[in-house]
Amino acid sequence: QVQLVESGGGSVQTGGSLRLSCAASGFSYSDYCMAWFRQAPGKGREGVAVIATHGGTQYTDSVKGRFTISRDNAKNTLYLQMNSLKPEDTAMYYCAARGDYYCLISSVYTNWGQGTQVTVSS
């Protein structure tokens, strides 16, 4: 059974940093594309970053240069380092997995975590 558990969210001021983690279990993690999505109140879910099995990455334009997605296949863990946070980054952040070696933000993801809240105050 695929399980994704996010952690690391919290409240920070503008310009601050947070590191999100996603612990994965129940599947062959190294064979899966992994992604971070977010959903702000009253808005749709937005793809933030993707990392393929070989380490290739893709970011949505609004976070380029500020966020870094990475994965540790030995620990079955996905990370999102978020720097220079802005109030518009406030959202619930979700970890997602897709059983493919390569994927994009626009790909369909079949497995989701419960989310971790990030709040950035001005």
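Notes on the structure follow.

The rules we used
Residues numbered from 1 in each chain as written. Predicted model: local features only at pLDDT ≥ 70, side-chain atom pairs only at ≥ 80, totals over all residues. Heavy atoms only, no water. Pairing = 2+ DSSP bridges. Helix = DSSP H or I, 4+ residues; strand = E, 2+ residues; numbered from the N terminus. Axes fitted to C-alpha atoms, helices over the stretch in contact; angles between N-to-C directions. Phe/Tyr/Trp six-rings, centres within 6.5 Å; stacked < 30°, edge-to-face > 60°. Buried < 20%, exposed > 50% of the residue type's maximum accessible area, 1.4 Å probe, protein only. Lys NZ or Arg CZ within 6 Å of the ring centre and 35° of its normal.

1. A word on the sheet that holds strand S3 (residues 18–25)
Then step 1. Strand order in the open sheet formed by four strands is S1-S3-S8-S7, and the pairing between neighbours is antiparallel. One side of each edge strand has no neighbouring strand; the edge strands of this open sheet are strand S1 (3–7) and strand S7 (67–72). Between one strand axis and the next, the sheet turns by 15° as a mean value, whatever way the strands run.
Then step 2. One ladder, built from six bridges, connects S3 with strand S8 (residues 77–82); its direction is antiparallel.

2. With respect to the packing of aromatic side chains
Then step 1. Evaluation of the coordinates by the stated rule reveals four aromatic pairs.
Then step 2. For the ring pair Phe 37 and Tyr 109, a centre distance of 5.4 Å and an interplane angle of 70° mean the geometry is edge-to-face. Note that Phe 37 is positioned in strand S4 (residues 33–39) and Tyr 109 in the loop between strand S9 (91–98) and strand S10 (111–112), a separation of 72 residues in sequence. Accessibility classification places Phe 37 together with Tyr 109 in one group, the buried group.
Then step 3. Ring pairs connect the aromatic residues Phe 27, Tyr 29 and Tyr 32, which therefore count as one cluster.
Then step 4. The ring of Tyr 94 has Arg 45 sitting right over it, with the charged end atom 4.4 Å from the ring centre.
Then step 5. Arg 71 extends its terminal NZ or CZ atom over the ring of Tyr 29, reaching a point 4.6 Å from the ring centre.

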